Each structure stands twice: as structure tokens, then as C-alpha cells.
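Structure assessment
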Amino acid sequence: MAAALAVLGRAAALVSGAQRFLRGCGVGGSAEKGLSRGISSDECPKRPLTAYFRFLKENHSAFRQKNPEVTNMELIKKIADAWKELPTSQKQVYEESRKTDWQRYKEQLAAYKARLTPAQAAALQEERRKRLAKRRSFRAKRELTVLGKPKRPRSGFNIFVSENFQESEGISPVAKLKQLFDTWRKLSSSQKQPYLQLAEDDKVRYVNEMKSWEAKMIELGREDLIRSRTQMPKTKTAETAKKAETAKASSHENKAKLKLKKSK
């Protein structure tokens with residue numbers, strides 16, 4: 001079971017990486033930001049593509065022409081399967097190209113860093129740290145999704161928005177959110193109660209699903225994913241739960257209000 005999940009995780013990583021590549025986010029790596037004082041971040045050498053991404057870039061158009069009806073994800077899976085079946089000798093051609101470009105990249109990067117001031121070098125290091133932290137966070141979330149971690153419970157306000165968003169007035173998502181926010185504020189306690197009850201039911205669902213999921217993770221030897229006792233939700237009385245949900249809904253209202261202010 002653990003081995004199967006590991007394989008699934010690697011497959012998800014491959015597809016996810018290819019999707020980012022096709023969106024233009026992964027080609028050659030991202031340029032460093034915040035270094036505009038005296039030197040442009042656009043001058044930073046682009047990280048060379050891996051052997052697989054070279055194969056993807058070279059064959060994407062041909063695969064699309066042969067499979068015009070499939071989705072992007074299905075197309076990427078087809079290309080990934082073709083890469084897996086590619087003979088080692090043919091894969092080596094792409095790998096050799098990568099090695100050549102990598103050596104050139106290292107030389108260009110050294111020359112680029114030599115031109116940076118201490119402040120710019122520090123900014124470059126900080127940008128890299130943030131980028132790696134963001135990447136680790138993304139990978140952790142992706143792993144939890146692959147492992148089937150239950151979705152967190154929704155608040156009453158979240159449920160109200162999801163049930164009424166399509167029918168709400170407004171030509172843009174922000175306008176719709178503003179209209180729903182105003183409507184929610186005008187609802188009486190009795191009108192909000194059905195949504196608050198649904199939120200309580202969803203919280204029970206989450207607690208039960210998390211217990212089963214964490215038991216499964218223990219069986220797989222992934223105790224590192226288990227919450228500590230301080231993170232586990234405490235049993236609440238009906239009155240306490242209602243107050244907590246009301247406070248949570250108010251918090252979501254405030255966040256929505258802040259988002260609307262920023263959009264103006």
C-alpha cells in the first residue's frame with residue numbers, strides 16, 4: 001500500500017510539473033526578483049530543462065495533433081508514458097544536452113553573481129529561500145492530497161457563499177462576493193441557523209474522517225502526518241459550538257470585507 005502511494009505521488013509530481021511547464025511557469029526556471037538596483041533580474045541565467053522536459057517540449061505539438069480531443073492532463077500522461085517507454089539510448093541524448101547546458105548555466109550564473117553587490121546577493125539568497133519554502137509547501141499539500149487527507153470543515157458563511165454564488169448578482173466574482181457578503185450580514189440569526197448547522201455537521205464529518213485517515217497513516221508508518229493532541233478539536237457543548245461558529249463566520253466576513261476593500 002505504501003509503495004503504491006509513493007508511486008502515485010511521483011506520478012502526480014510528474015504531471016503537475018509538466019502542467020506548470022506548459023503554463024510557462026517552469027520553462028528554464030524563474031528569474032530572481034527584487035534585484036533591479038543597478039542590474040536587471042532578467043539577466044539572471046535561466047536554469048536548463050531536465051531531460052524529460054526537453055522531451056516534453058519537443059513532442060508536445062506532435063502529441064496534440066495526434067490527440068486533439070484529450071484534455072491537457074490526459075495529453076501529459078500520454079507523453080509521460082511515452083517517455084517511460086523510450087529506450088535508454090534515446091533518453092541519453094536528452095540527458096547529454098542537459099549536461100552541456102548545465103555546464104554553460106553554471107558558468108553564466110557565476111559571472112552573474114560576480115556582478116552583484118552584497119545587498120543584491122543577499123536579496124538573491126532571500127528570494128531563493130522564499131521560492132524553496134513555497135515549493136516545499138506546495139509539495140507537502142500535494143502529498144496530502146494524494147494520500148487522501150480529508151478536506152477541512154467549512155464555516156456557515158462559506159456554505160452560504162457556495163450555495164448562492166452562481167445565482168448572485170454581479171458581473172464579476174468580486175461583485176458577487178460583495179453582494180453575498182451584504183446579504184449574509186442582513187440575515188437574521190434564524191436565517192443563518194441552517195447554514196451554521198450544516199457547518200456543525202461538516203465539522204463532525206471532518207473529525208470522523210480525520211480519525212480514520214490518521215489511523216491509516218499510522219499503519220503506513222507516516223506518524224509525521226498525525227496531529228498533536230493540542231491540534232485536535234475539542235468536544236464542545238451546543239452553546240459553545242454555536243458561539244465559536246458565529247465568531248468564525250464573523251472572521252470570514254471580516255476577511256471578505258478586507259478583500260473587497262483591496263479590490264477597490
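Residues numbered from 1 in each chain as written. Predicted model: local features only at pLDDT ≥ 70, side-chain atom pairs only at ≥ 80, totals over all residues. Heavy atoms only, no water.

Some thoughts on the pattern of salt bridges
Condition: Any Lys or Arg side-chain nitrogen located within 4 Å of an Asp or Glu carboxyl oxygen qualifies as a salt bridge. Think of it this way: any DSSP run of H or I at least four residues long counts as a helix, any run of E at least two long counts as a strand, and we number them from the N terminus. Relative accessibility decides the category of a residue: with a 1.4 Å probe and only protein chains considered, values under 20% of the type maximum give buried, values over 50% give exposed, and everything between is partly exposed.
With the rule as written, the count across this model stands at 10 salt bridges. Notably, a salt bridge pairs glutamate 143 with arginine 222, separated by 2.7 Å at the nearest N-O pair. Separated by 79 residues along the polypeptide, glutamate 143 in helix H5 (residues 118-146) and arginine 222 in the loop between helix H8 (189-219) and helix H9 (238-263) bring together distant segments of the chain. The class for glutamate 143 is partly exposed, based on a relative accessible area of 31%. With relative accessibility at 22%, the residue arginine 222 sits in the partly exposed group. Between aspartate 182 and lysine 178 there is a salt bridge, with its nearest N and O atoms 3.3 Å apart. Taken together, the residues span about one helical turn, with aspartate 182 and lysine 178 both in helix H7 (residues 173-186) at a distance of four residues. A cluster of three or more residues bridged by salt bridges with shared partners is formed by Arg54, Asp101 and Arg104.

Comments concerning the nonpolar core
Stated precisely, the cut-off is as follows: We define the nonpolar core as a collection of buried residues of types Ala, Val, Leu, Ile, Met, Phe, Trp, Tyr and Cys that are connected through side-chain atoms lying within 4.5 Å of one another. It only takes one pair of heavy atoms within 4.5 Å for two residues to be counted as in contact.
Tyr52, Phe55, Leu75, Ile79, Trp83, Leu86 and Tyr94 are the most contacted members of the largest nonpolar core, which totals 13 residues. Residue assignment for this core shows that the elements contributing at least two residues are helix H2 (51-66) and helix H3 (72-85). Ignoring sequence-local partners within four residues, the contact set of leucine 75 consists of His60, Phe63, Arg64, Asn67 and Val70. Judged by nonpolar contacts, the second largest core, of 10 residues, contains Ile159, Val161, Leu180 and Tyr195.

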